[in-house]
Amino acid sequence: QVRLVESGGGLVQPGGSLRLSCAASGSIFSVNAMGWYRQAPGKQRELVAGITSGGMTNYADSVKGRFTISRDNAKNTVYLQMNSLKPEDTAVYYCNADVRSYNLRTSAYWGQGTQVTVSS
């Protein structure tokens, strides 16, 4: 079994910064793409940023230039550095990872979500 554990959410004022972390653990042979999604109340879950095992990244237009995704392959951990936060960034942020287990099957896994609230 594979588990994703997120940390780093919280309350921050507009213009502030937060750093989210997500660590994958369990029966892991390799971790392929990893990413961060978010879901605001009454809205669909949307991709915020993604990163391949080779380090290629992509971002939602709404966060380009403000958020940075990175990963530590040795730790099976992905990070999301969020700067210049805006109230519209308020949402539950979810980590996602495509994991190949020791049985060589690849499945997508989700974290439990961490709340980010941007408010004065």
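Treat the numbers as computed from the prediction; the structure is a model and nothing was measured.

Trainee: How would you explain the overall build of the protein if you had to name every residue and give the values?
Mentor: If you tally the helices and strands in the protein, you get 0 helices and 11 strands. Along the chain direction, N to C, the helices and strands of the protein fall in the order β-β-β-β-β-β-β-β-β-β-β. A compact globule built from 120 residues would reach a C-alpha radius of gyration of about 14 Å, and the protein, at 14 Å, matches this within 12%. Oriented by its inertia axes, the alpha-carbon framework of the protein measures out at about 50 × 25 × 25 Å. Burial analysis of the protein (120 residues in total) assigns 40% to the buried set. Across the protein, every contact between residues at least 6 apart in sequence was considered, and the portion connecting residues at least 24 apart equals 55%.

Trainee: Account for the packing of aromatic side chains, naming residues and giving values.
Mentor: Inspection of the entire model under this criterion finds 2 aromatic pairs. Ring geometry for F29 and Y102: centres 6.3 Å apart, planes at 80°, overall edge-to-face. Placement of F29 in the loop between strand 3 (18-26) and strand 4 (30-39) and of Y102 in the loop between strand 9 (91-100) and strand 10 (106-110) is noted, with a sequence separation of 73 residues between them. Given the relative accessible area of 48%, F29 is considered partly exposed.

Scoring rules and cut-offs
Residues numbered from 1 in each chain as written. Predicted model: local features only at pLDDT ≥ 70, side-chain atom pairs only at ≥ 80, totals over all residues. Heavy atoms only, no water. Helix = DSSP H or I, 4+ residues; strand = E, 2+ residues; numbered from the N terminus. Rg over C-alpha atoms; globule rule 2.2 N^0.38 Å. Buried < 20%, exposed > 50% of the residue type's maximum accessible area, 1.4 Å probe, protein only. Contact = heavy atoms within 4.5 Å. Phe/Tyr/Trp six-rings, centres within 6.5 Å; stacked < 30°, edge-to-face > 60°.

These results come straight from atomic positions and should not be treated as a statement about function.
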